[in-house]
Amino acid sequence: GDLELTSEPFDAIDTFTGWWRLSYQGRQLNFSLARSAEDVVTARWHDPAGLPNTPADMTFASRYPSDVDTPVGCISAAGVVVASGTDRVASFFLKNCGDAALQGEAAARMGASPHTDGVWGTDVEAIVVEEHYPADATRHFVLVSNRFNGSTYTTASSMYVWEAGQLHLYQTFPETRGAHSLTHYKMGGMHWLFMANHFDDKGNGFGVPSVIYAYTWSDSANKNVFMPVQSVSTTGAVAASYWEHDGA
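Not measured: the values here are computed from a predicted model.

Student: Please clarify how the overall build of the protein chain should be interpreted in this entry.
Tutor: If you tally the helices and strands in the protein chain, you get zero helices and 16 strands. A total of 248 residues make up the protein chain; the buried ones form 38% of that total. For the protein chain, the computed accessible surface area is about 13800 Å², with 52% contributed by carbon and sulfur atoms.

Student: What am I meant to see in the sheet that holds strand 16 (residues 223–232) here?
Tutor: Remark on secondary structure: sheet strands pair via backbone hydrogen bonds, oriented parallel or antiparallel. Here we have four strands laid out as an open sheet, ordered 13-14-15-16, and antiparallel in their pairing. Looking at which strands have only one partner, the edges of the open sheet turn out to be strand 13 (179–187) and strand 16. Across the sheet, the axes of successive neighbouring strands diverge by a mean angle of 25°, strand direction being ignored. Bridging between strand 15 (residues 210–218) and strand 16 involves nine bridges; their strand directions are antiparallel. Bridge assignment links alanine 214 to a residue of strand 16, and that residue is methionine 227.

Student: I'm lost on the side chain of asparagine 197 in this one. Help?
Tutor: Residue position: asparagine 197 is located in strand 14 (residues 190–197). Judged by relative accessible area, which is 4%, asparagine 197 ranks as buried. From its side chain, asparagine 197 meets the backbone nitrogen of arginine 177 in a polar contact 3.1 Å long. Apart from the residues lying within four places of it in its own chain, the contact partners of asparagine 197 are Thr176, Arg177, Gly178, Ala179, Val208, Pro209, Ser210, Val211, Thr234, Gly236 and Ala237.

Student: Sorry if this is basic, but what is going on with the pairing of strand 15 here?
Tutor: Each regular strand displays side chains that alternate between the two surfaces of the sheet. In terms of burial, strand 15 is largely enclosed, as seven of its nine residues are buried. Across four bridges, strand 14 lies against strand 15 in antiparallel orientation. Looking across to strand 15, one finds that phenylalanine 194 is bridged to isoleucine 212. Following strand 15, the chain reverses through four residues before pairing antiparallel with strand 16; asparagine 222 in that reversal takes a positive phi of roughly 60°.

Student: Got a minute to help me understand the pattern of salt bridges in this structure?
Tutor: Side chains that carry opposite charge are capable of pairing whenever their charged atoms lie near each other. Counted under the stated rule, the structure contains four salt bridges. Where glutamate 175 meets arginine 177, a salt bridge forms, and the shortest distance between an N and an O atom there is 3.3 Å. In this structure, aspartate 200 and arginine 177 form a salt bridge, with 3.1 Å as the shortest nitrogen-oxygen distance. One end of the pair, aspartate 200, is in the loop between strand 14 and strand 15; the other, arginine 177, is in strand 12 (residues 166–177), and 23 residues separate them in sequence. Through salt bridges with shared partners, a single network forms among Glu131, Arg139 and Glu163.

Student: What's the story with the nonpolar core in this structure? I'm lost.
Tutor: Within soluble globular proteins, side chains that are nonpolar tend to cluster in buried spots. Among the nonpolar cores identified, the biggest contains 17 residues, and Phe141, Leu143, Met159, Phe173, Leu193 and Phe226 are the most heavily contacted of them. Secondary-structure elements contributing two or more residues to this core are strand 9 (121–131), strand 10 (137–146), strand 11 (154–163), strand 12, strand 13, strand 14, strand 15 and strand 16. Per-element tally for this core: the top contributor is strand 15, with three residues. Sequence-distant contacts of leucine 143, defined by excluding residues within four places in its chain, comprise Asp123, Val124, Glu125, Ile127, Ser158, Met159, Phe173, Leu182, Leu193 and Phe226. One finds Tyr185, Trp192, Phe194 and Ala237 within the second-largest nonpolar core, a separate group that totals seven residues.

About the cut-offs
Residues numbered from 1 in each chain as written. Predicted model: local features only at pLDDT ≥ 70, side-chain atom pairs only at ≥ 80, totals over all residues. Heavy atoms only, no water. Helix = DSSP H or I, 4+ residues; strand = E, 2+ residues; numbered from the N terminus. Buried < 20%, exposed > 50% of the residue type's maximum accessible area, 1.4 Å probe, protein only. Areas by Shrake-Rupley, 256 points an atom, 1.4 Å probe, with all protein chains shown as cover. Pairing = 2+ DSSP bridges. Axes fitted to C-alpha atoms, helices over the stretch in contact; angles between N-to-C directions. Polar contact = N/O pair within 3.5 Å; in protein donor to acceptor, adjacent residues only side chain to side chain. Contact = heavy atoms within 4.5 Å. Salt bridge = Lys/Arg side-chain N within 4 Å of Asp/Glu carboxyl O. Core = buried A, V, L, I, M, F, W, Y, C linked by side-chain atoms within 4.5 Å.

The structure is reproduced here in structure tokens:
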């Protein structure tokens, strides 16, 4: 239930000292801050009801004004959070921009299914898909384009699904060629993906085509996936944009 933070030293004007109320998913946590004369900020929060797991991410804003007048400009502190009695850690960031409200963010690395190809990820995008077949469902995905795997530009890019508080590998895009970026867009009520392939070290060089995928049902995978529908002639593609003009 208890989490502690010690920041790196920083040049501060505001003392970041006082008691605050931290809100997380409708729960109220006790939160205290203090800054030493050596410019080291320590923080501690406690959930009186008992927090079963360290949150993957959260944001908070104080409900009480600071007792110290802060000049115009932002003051910040960053450090590492450690959950008492565990090996769980998270990064922590605090900021005060002179509006008498303390703001901050905490983030913890979550487990994910191993995927060794993810060495040189060049782009990432989070998307939400509303499925209606074979049943109504809302899925949260993270797409990652991988450019290089340590030996070749012909490597797999990936899509992960958020389930049970973790990211799990959901789909791979085999043999993307130096994939530099990906662009998700909706058209005609469907989800589409443009994978910008930059370089093919096994034949086409910078003349490698990029690929458009459509999110649809796959009998072989027995689930909805992004399936390739078209190759597009590109030269060293690094990005793509989608727009509509007069409804087309």
